[in-house]
Amino acid sequence: MRKSQSENRRTSTKVPIVRLRLYIAGDAPNSVRAIANLTAICREHLLDRHNIEIVDVFREPTRALADGILLTPMLVKLSPLPVRRILGSLSQSQPVLHALGLSESSE
Amino acid sequence: MNALLKLTNPRPHKTKAPTGILGLDEITGGGLPRGRTTLIEGGAGAGKTVLGLEFLVNGARRFHEPGIFVAFEERADRLIANAAQFGWNLPELQRKSLFFLDAQPTPDLIKSGKFDFGGMLAGLGAKVRQMRAKRIVFDAVDIVLALLGTQSDVEWEIFKLHDWLMANELTAIITSKFDRTEFSPAPSQSLGFMQFMVDCSIVLSHLVGQGISRRNLRVIKYRGSSFEENEVPFIIGNLGFEIAAASAWHPSQSAVSNDRVSTGVARLNSMLDGGYFRGAVVLITGSPGTSKTTLAGAFAEAACRRGERTMFVSFDSDSREVIRNLASVNINLDHLVKKGTLRMISVLGTVGNAETHLVRIQKFARDHRTRCLVIDPISSLVQFGSDESSKGLSARLINWAKKEGVTLLSTSLLERASPELEGTPIQISTLADTWIHLSYLVRAGERNRGLSIVKSRGTSHSNQVRELILSGAGVTLTDVYTASGEVLMGTLRREKEQAERAAEIEREAKADRDQNAAEAEEAELVMQIAHLERELKAKRADGLQTKASRSSRRSENRQRQAEMKELRKSDAEISKRK
């Protein structure tokens, strides 16, 4: 675990916390881009109601294998269910928002 | 000094990782390039996965090289279940020397932007170190490459993958599908890039021609090594991948033998000046029912009696039937099968192709440590293949037998009666060392079997046609009678024999009669002589008597005349005195 962000201060709202896990491969360009893109998406759409865990497969290779993470970067939405996996640098935000269940609710 | 040692004592396994797949190691001169990557491409169902898996299984089992299987297409549990039929016992190997990684892209995977193999390589790197893996297979890499998108991304990932493999000193197989039906110089771009990068490239093809399936393997390139460049046939059999070994690759190792082995028929042995040569290729041709199988059976029985392990492959009939039928002519194979010296294999129906059967025969023969092999008939074996392939097939079979020092006896069906007209459709006749032809001679409402030796290299063999006689006592050959340019067999021969015997008796009787007559004549003559002698004596006796009586008569006469004179004296005396 390289970086962990916790921005769940606004628990007063009824909106559930979105739990995310991002698998990255060190500082590979796609992974660096993915972190930047995810941060931007969360800031725009999930401000204060998300939780991101970042797993670097180079540091935790056995965990990557155990979790079945072969392609990186990989974003996994753990909750709310259903679990969704989004592969890539997250440069196209539309499919990401759709997968996170944010495409309709977006203002 | 070191260089010299290396030259004089080459160690092929230093640069090659044996696959343990017999034919493959032969055509690649020892295995796949060690520490390098081999690309295996082929259409769907060509056998890529099985080849990769067997490479790992053999590595783990026989060469102490643990391996990792990365399954992009088929799930590992299904692969393991499918491989159970090969008897590889994967669950046992999985405990420490074989690891399966399920790497199928999940169908619900959402793509957004670019990605790479980073996670997989990191995870695998850890696994490689943990297992001390030496081998790895990426099965169906095309699946995951297709996700990558642009060509440049694909090439970049292939490059990184290759780099990672080299860094980890893994002997790798990457398999990939291609859509081409025939191998053409137009592979997809990513495949072309891979071909350029890898050190060894193999193409598997699975073609169906005239309803007959044919699998071929071809090595396209092998950096730093010579290799068999031709397509070689292979099958996926009960034990996995089996490749028809290209025997021309190896120099002949078995010495040519002057040893003779019995044909199983005493008279035939003498016709061949002692029997077949050991390690020879014997061909027996003939129409249906000319007892080709019987001669083959006699050979097999004789071989087993000498204690030589023998295999009898029958294509036309069930082996139990063969055993039963041969028992009727006193060729008893049953107990030899039970003893284990003889192995009977029967192939029924037209399942599979010729190559499949050839590879299986070779495999069974090796397992059985066969010294003498019977294929009955080889014409059924090659009928599965197309013409040009069957020629190569019999040549391969013969080369293989010669190399192994196996005495090979094949029978072959001839549609026409004369071997000279036809030759054998499979061209084995030119390759065979000894060629025996069996034929029917039909005369006087009877069919009889004739045997002649068409050729027998290196032996002074009889040029005579012999009659082949089958009976409960066994197989025998007998001389045929030639009468006015035709050979006589069967009843005609027996009639001829009987006629000769009768004539002989007649001559004997006549001689007896003649002798008796002569003796009788002689006796008669002797009797006649005795009779004559007696007559002579009698005659003589008569003569004497006549003489005696005549002299007595004379004296009587004289006396009488004197008396008469006395009486008449006066008259005559008076007249005289007067």
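Residues numbered from 1 in each chain as written. Chains lettered and ligands numbered in written order. Predicted model: local features only at pLDDT ≥ 70, side-chain atom pairs only at ≥ 80, totals over all residues. Heavy atoms only, no water.

K.L.:
Quick rundown of the overall build of chain A? Include the residues and the values.
P.N.:
Looking only at helices and strands, chain A has 3 helices and 5 strands in total. Element order for chain A, N to C, with α for helix and β for strand: β-β-α-β-α-β-β-α. The buried share of chain A, taken over its 107 residues, is 48%. Across chain A, contacts joining residues at least 24 apart in sequence account for 67% of those joining residues at least 6 apart. (Helix = DSSP H or I, 4+ residues; strand = E, 2+ residues; numbered from the N terminus. Buried < 20%, exposed > 50% of the residue type's maximum accessible area, 1.4 Å probe, protein only. Contact = heavy atoms within 4.5 Å.)

K.L.:
Tell me about unusual backbone geometry, residues and numbers included.
P.N.:
In this chain, Thr72 of chain A is followed by Pro73 of chain A through a cis amide linkage whose omega measures -5°. Turning to its location among the elements, Pro73 of chain A is positioned in the loop between α2 (61-66) and β4 (74-79). In this structure, Pro82 of chain A follows Leu81 of chain A across a cis peptide bond, with omega equal to 0°. Structurally, Pro82 of chain A can be placed in the loop between β4 and β5 (84-87). Not every positive phi belongs to a glycine, and Ser291 of chain B is a case in point at roughly 65°. Considering the arrangement of structural elements, one finds Ser291 of chain B in the loop between β15 (281-286) and α11 (292-305). When its relative accessible area of 7% is taken as the criterion, Ser291 of chain B is described as buried.

K.L.:
An account of the nonpolar core is needed here, citing residue identities and associated values.
P.N.:
Nonpolar side chains in soluble globular proteins generally cluster together in the buried interior. All names here are of chain B. Ranked by internal contacts, the top residues of the largest apolar core, which has 53 residues, are Val70, Met120, Ile136 and Phe138. A per-element tally of this core places helix α6 (residues 118-131) first, with 6 residues. If sequence neighbours within four positions are ignored, Ile136 has contacts with Leu56, Ile68, Val70, Leu124, Trp164, Leu165, Leu170, Thr171, Ala172 and Ile173. If you look at the next biggest cluster of nonpolar residues, it comprises 38 residues, including Val50, Leu53, Ala60 and Phe100. (Core = buried A, V, L, I, M, F, W, Y, C linked by side-chain atoms within 4.5 Å.)

K.L.:
How would you summarise helix α12 (residues 319-327) of chain B if you had to cite specific residues and measurements?
P.N.:
All names here are of chain B. Every buried residue of α12 is accounted for by Ser319, Val322, Ile323 and Leu326. Down the axis of α12, the sector holding all buried residues measures 100°, keeping them to one side. Summarising the geometry of α12, the exposed residues directed more than 90 degrees from the buried face are Arg320 and Arg324. Looking at the packing, one finds that the buried side of α12 touches α11, β16 (310-314), α13 (334-339) and β17 (342-346). (Arc of directions from axis to C-beta.)

K.L.:
If you had to explain the state of the cysteines to someone new, which residues and values would you point to?
P.N.:
Residues and elements named next belong to chain B. Using the criterion set out here, one finds 0 disulfides over all chains in the structure. Unpaired in this structure, Cys372 has its nearest cysteine sulfur neighbour in Cys304, at a distance of 8.0 Å. Look at Cys372 and you get buried, because its relative accessible area is 0%. (Disulfide = S-S within 2.5 Å.)

K.L.:
Explain the confidence of the model for chain B residue by residue, including any values.
P.N.:
All names here are of chain B. Residue-level pLDDT values for chain B average 79, and 83% of them are 70 or greater. Put simply, helix α1 (residues 2-8) is where chain B has its lowest mean pLDDT, 38, and strand β7 (residues 135-139) is where it has its highest, 91. Low pLDDT, under 50, characterises residues 1-12; the predicted model gives this stretch 0 contacts beyond four residues in sequence or across chains. pLDDT under 50 marks residues 246-253. Its contacts with residues more than four places away, or in other chains, come to 15 contacts. For this predicted complex, the interface score ipTM comes out at 0.77, alongside a pTM of 0.58. (pLDDT = per-residue confidence, 0-100.)

K.L.:
Before we move on, can you summarise the interface of chain B and chain A with the specific residues and values?
P.N.:
Counting from both sides, the interface comprises 25 residues of chain B and, opposite them, 27 residues of chain A. When the two sides are added together, the surface that chain B and chain A hide from each other amounts to roughly 2000 Å², 64% of it contributed by carbon and sulfur. The largest per-residue losses of area from chain B upon contact with chain A belong to Ile110, Ser112 and Asp116 of chain B, which jointly make up 30% of the total buried on that side. The tally of links from chain B across to chain A stands at 0 salt bridges. In this structure, the connection of chain B to chain A is made through 7 residue pairs in polar contact (both at pLDDT 80 or more). In terms of residue count, the dominant contributor to the side of chain B that touches chain A is α6 of chain B (8 residues). A per-class count over the side of chain B that touches chain A returns 13 nonpolar, 6 polar and 6 charged. Where β5 of chain A meets strand β6 (residues 110-111) of chain B, 2 bridges bridge the pair, whose relative direction is parallel. Residue Leu87 of chain A lies in a different strand from β6 of chain B, and its bridge partner there is Lys111 of chain B. (Buried area = accessible area lost by both parts, 1.4 Å probe. Salt bridge = Lys/Arg side-chain N within 4 Å of Asp/Glu carboxyl O. Polar contact = N/O pair within 3.5 Å; in protein donor to acceptor, adjacent residues only side chain to side chain. Nonpolar A, V, L, I, M, F, W, Y, C, P; charged D, E, K, R; others polar. Pairing = 2+ DSSP bridges.)

K.L.:
I'd love a proper account of the packing of aromatic side chains, names of residues and values included.
P.N.:
Residues and elements named next belong to chain B. Counted under the stated rule, the structure contains 6 aromatic pairs over all chains. Plain terms: the ring middles of Phe69 and Phe100 are 5.6 Å apart, the flat faces sit at 45° to each other, and that makes the pair tilted. Of this pair, Phe69 sits in strand β4 (residues 67-71) while Phe100 sits in strand β5 (residues 98-102), placing them 31 residues apart in sequence. Both residues of the pair, Phe69 and Phe100, count as buried. Pairing Phe72 with Phe138 gives two aromatic rings, centres 6.2 Å apart and planes at 15°, and the pair type is stacked. Of this pair, Phe72 sits in the loop between β4 and α4 (76-83) while Phe138 is found in strand β7, placing the two residues 66 residues apart along the sequence. (Phe/Tyr/Trp six-rings, centres within 6.5 Å; stacked < 30°, edge-to-face > 60°.)

K.L.:
Which residues make up the environment of Ala395 of chain B, and what values go with them?
P.N.:
Its location among the elements puts Ala395 of chain B in helix α16 (residues 387-404). Sequence separation between Ala395 of chain B and Ala432 of chain B is 37 residues, and the spatial gap between their C-alpha atoms is 9.9 Å.

K.L.:
Report on the pattern of salt bridges, specifying residues and quantitative values.
P.N.:
All told, the structure shown has 27 salt bridges over all chains when counted by the stated rule. Linking Arg34 of chain B and Glu65 of chain B is a salt bridge whose minimum nitrogen-to-oxygen distance equals 2.6 Å. Placement of Arg34 of chain B in the loop between β2 (32-33) and β3 (37-42) and of Glu65 of chain B in the loop between α3 (48-62) and β4 is noted, with a sequence separation of 31 residues between them. Assessed through its relative accessible area of 28%, Arg34 of chain B is described here as partly exposed. By relative accessible area, Glu65 of chain B is classed as buried at 8%. Glu157 of chain B is the partner of Lys160 of chain B in a salt bridge, and the nearest nitrogen-oxygen pair spans 3.3 Å. Taken as a pair, Lys160 of chain B and Glu157 of chain B lie in helix α8 (residues 151-167) at a separation of 3 residues, close to a single helical turn. With a relative accessible area of 27%, Lys160 of chain B lands in the partly exposed category. Three or more residues joined by partner-sharing salt bridges are found here, namely Arg21, Glu53, Glu60, Arg63 and Asp67 of chain A.

K.L.:
For the packing of α6 of chain B against α8 of chain B, give the residues involved together with the corresponding values.
P.N.:
Packed helices, taken two at a time, are described by the angle between their axes plus the distance between the axes. Residues and elements named next belong to chain B. Packing of α6 against α8 leaves a shortest axis separation of 12 Å and a crossing angle of 15°. It follows that α6 is roughly parallel to α8 by the angle criterion. Seen from above, α6 lies across α8 with right-handed handedness. Only Lys160, Leu161 and Trp164 of α8 make contact with α6, whose side of the interface consists of Leu121, Leu124, Gly125 and Val128. (Axes fitted to C-alpha atoms, helices over the stretch in contact; angles between N-to-C directions. Parallel < 35°, antiparallel > 145°, perpendicular 65-115°, else oblique. Left-handed = near helix turned anticlockwise from the far one by under 90°.)

K.L.:
If you had to explain the side chain of Asn30 of chain A to someone new, which residues and values would you point to?
P.N.:
Summarising the element assignment, Asn30 of chain A is placed in helix α1 (residues 29-45). A polar contact is formed between the side chain of Asn30 of chain A and the side chain of Arg33 of chain A, at a distance of 3.2 Å. Residues within four places of Asn30 of chain A in sequence aside, it is in contact with Pro73 and Ser89 of chain A together with Lys114, Phe115 and Asp116 of chain B.

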